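Residues per chain are reported as follows:
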Amino acid sequence: MTRPAPRMKSYVADLHAYVPGKAGLGGRPVVAKLSSNENPFGPSPQAIAAMTAVLENSNRYPDPASTALREALGAAHGIEADRVICGTGSDELLHLVAGAFAGVGDEVLYVRHGFAVYDIAARRVGATPVVAPDDDYACNVDTLLAAVTPRTRVVFLANPNNPTGTLIPASEVRRLHAGLPADCVFALDAAYAEFAEGEYEDGLALARAHANVIALRTFSKIYGLAAQRVGWAYAQPGIIDAMQRIRAPFNVPTTGQVGAIAALADTGWVERARAHTIQWRQWLAGEVTALGNAGLRAIPSAANFVLVEFPEHGPVTAAAANAALLEDGIITRYLAVQDMPRCIRISVGTEDETRAAAAALRRFVETATA
Ligand SMILES: *Cc1c(COP(=O)(O)O)cnc(C)c1O
């Protein structure tokens, strides 16, 4: 008697794997890779030195508890190291939140155009993703709260959000938290915290004060350590303990741990990346706005990228712009894969890269509308 081949769980069959930003052009020269919100200057030289120094220990397992890194984070942010958990990127930690607090029959809530991983994190544990309507690419707290049901176990919010760049102010973050039931985990994903300006809530104070809040951060963006896969999160012991039970034992490599510690200490490197990004984010948004007659719009961004919206029809679409930019060696993120066929997301690169992207966009618009 023959049995059928193994069959994946129905909720796994229902999910769409994450589609990463393009990394190359199949051999053609890349002028600028602006598709994954990476630090264009690379990691701090001090981080590179620290990582190089531990390569010879690669036969040894890393510290399973990322102890020194958690202590460094505790000192740098004024938080308790034993309430910090490190992950294989904050990506792993998002999955751990969903896995520890939601499952079949539960709902995981987030806003439309939220970070793509939230849908995957919900579905892979059998939970039901619930998407609240957005407000012109931003989170509307009332709409989000209106979507909460007795089955809502986790609410994910990226602030600033990716791929939109939109930010809600600290008062709105606190109002959102205040409106959530106490048994619902509020996961505040602050991957772009360092790029936000003004009245900003990174979630650390909320997570100290409330048992249902977790604040998540990453070394992949401003710290320039995306390849090392280091994320961290801060919450009260009830949440941290649940996540510790299900995480992989040696989840952050030794290079990642020492690289992150050195990167954290090089505050000058971070500050320069931050100042550069804010300056060129504004410049890039201005260049897009200057093409407003052709129907282009820059969504106001608090992160290290600018979301550009194009007309749905006519010669100047996002799909055509993406093709023209790729032709010029400029790799951005065309968001059709995230149900945003009118949008491309352009990461802020070096000055040269950012100027090249803006020039290519302008050439495309002028050619298409000539
Ligand atoms: C990039 C990103 C992350 C983190 O990615 P890791 O590399 O896994 O740390 C988390 N959330 C958002 C919204 C992001 O854009």
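Every value quoted in this text rests on a predicted model; they were computed, and no experiment measured them. (Residues numbered from 1 in each chain as written. Predicted model: local features only at pLDDT ≥ 70, side-chain atom pairs only at ≥ 80, totals over all residues. Heavy atoms only, no water.)

Caption draft 1: A look at the overall build of the protein chain. Scanning the protein chain from N- to C-terminus turns up 13 helices and 13 strands. Taking 2.2 N^0.38 as the reference for a compact globule, 370 residues should give roughly 21 Å; the C-alpha atoms of the protein chain span a radius of gyration of 21 Å, in line with that estimate. Taken along its principal axes, the extent of the C-alpha atoms in the protein chain is 60 × 60 × 50 Å. For the protein chain, with 370 residues in total, the buried portion stands at 54%. Across the protein chain, contacts joining residues at least 24 apart in sequence account for 74% of those joining residues at least 6 apart. Total accessible area on the protein chain is roughly 15900 Å²; 54% of this is exposed by carbon and sulfur atoms. (Helix = DSSP H or I, 4+ residues; strand = E, 2+ residues; numbered from the N terminus. Rg over C-alpha atoms; globule rule 2.2 N^0.38 Å. Buried < 20%, exposed > 50% of the residue type's maximum accessible area, 1.4 Å probe, protein only. Contact = heavy atoms within 4.5 Å. Areas by Shrake-Rupley, 256 points an atom, 1.4 Å probe, with all protein chains shown as cover.)

Caption draft 2: Highlighting the domain arrangement of the protein chain. Along its sequence, the protein chain is carved into domain 1 (10-42 + 268-368) and domain 2 (45-265). Computed from C-alpha coordinates alone, the two centres of domain 1 and domain 2 are separated by 25 Å. Counting residues at the interface gives 34 residues for domain 1 and 32 residues for domain 2. Counting across the domain 1 and domain 2 interface gives two salt bridges. Residue Glu197 is joined to Arg281 by a salt bridge in which the shortest nitrogen-to-oxygen separation is 3.2 Å. For the pair domain 1 and domain 2, the interface holds 10 residue pairs in polar contact (both at pLDDT 80 or more). Put simply, the parts of the chain that give the side of domain 1 that touches domain 2 at least two residues each are helix 11 (267-289), strand 9 (297-299), strand 10 (305-309) and strand 13 (343-347). (Domains from an automatic or database assignment. Salt bridge = Lys/Arg side-chain N within 4 Å of Asp/Glu carboxyl O. Polar contact = N/O pair within 3.5 Å; in protein donor to acceptor, adjacent residues only side chain to side chain.)

Caption draft 3: Geometry of the sheet that holds strand 2 (residues 84-88). The seven strands are arranged 2-8-7-6-5-3-4 in an open sheet whose pairing can be described as mixed. Either end of the sheet is taken by a strand with one partner, and the two such strands are strand 2 and strand 4 (128-132). Across this sheet, the average inter-strand angle for adjacent strands is 25 degrees, counted without regard to direction. With five bridges connecting them, strand 7 (residues 213-218) and strand 8 (residues 230-235) associate as antiparallel partners. Counterpart to Arg217 in the pairing with strand 8 is Trp232. Strands in contact with helix 3 (residues 67-77) are strand 2, strand 7 and strand 8; relative to strand 2, the strand with the most contacts, it is inclined by about 125 degrees. (Pairing = 2+ DSSP bridges. Axes fitted to C-alpha atoms, helices over the stretch in contact; angles between N-to-C directions.)

Caption draft 4: Just the packing of aromatic side chains, in detail. In the structure shown here, the tally under the stated rule is nine aromatic pairs. Between Arg345 and the ring centre of Phe305, over which it is positioned, the NZ or CZ distance is 5.5 Å. (Phe/Tyr/Trp six-rings, centres within 6.5 Å; stacked < 30°, edge-to-face > 60°. Lys NZ or Arg CZ within 6 Å of the ring centre and 35° of its normal.)

Caption draft 5: Local environment of the pattern of salt bridges. Per the stated rule, a full pass over the model turns up 22 salt bridges. Among the salt bridges present, the one from Arg112 reaches Asp134, with a minimum N-O distance of 2.8 Å. In this pair, Arg112 sits in the loop between strand 3 (107-111) and helix 5 (117-124) while Asp134 sits in the loop between strand 4 and helix 6 (141-146), placing the two residues 22 residues apart along the sequence. Classification of Arg112 by relative accessible area gives partly exposed; the value is 40%. For Arg245, the salt bridge identified is with Asp241, shortest N-O distance 3.1 Å. Residue Arg245 and its partner Asp241 are both found in helix 9 (residues 237-246); the two are separated by four residues, about one turn of the helix.

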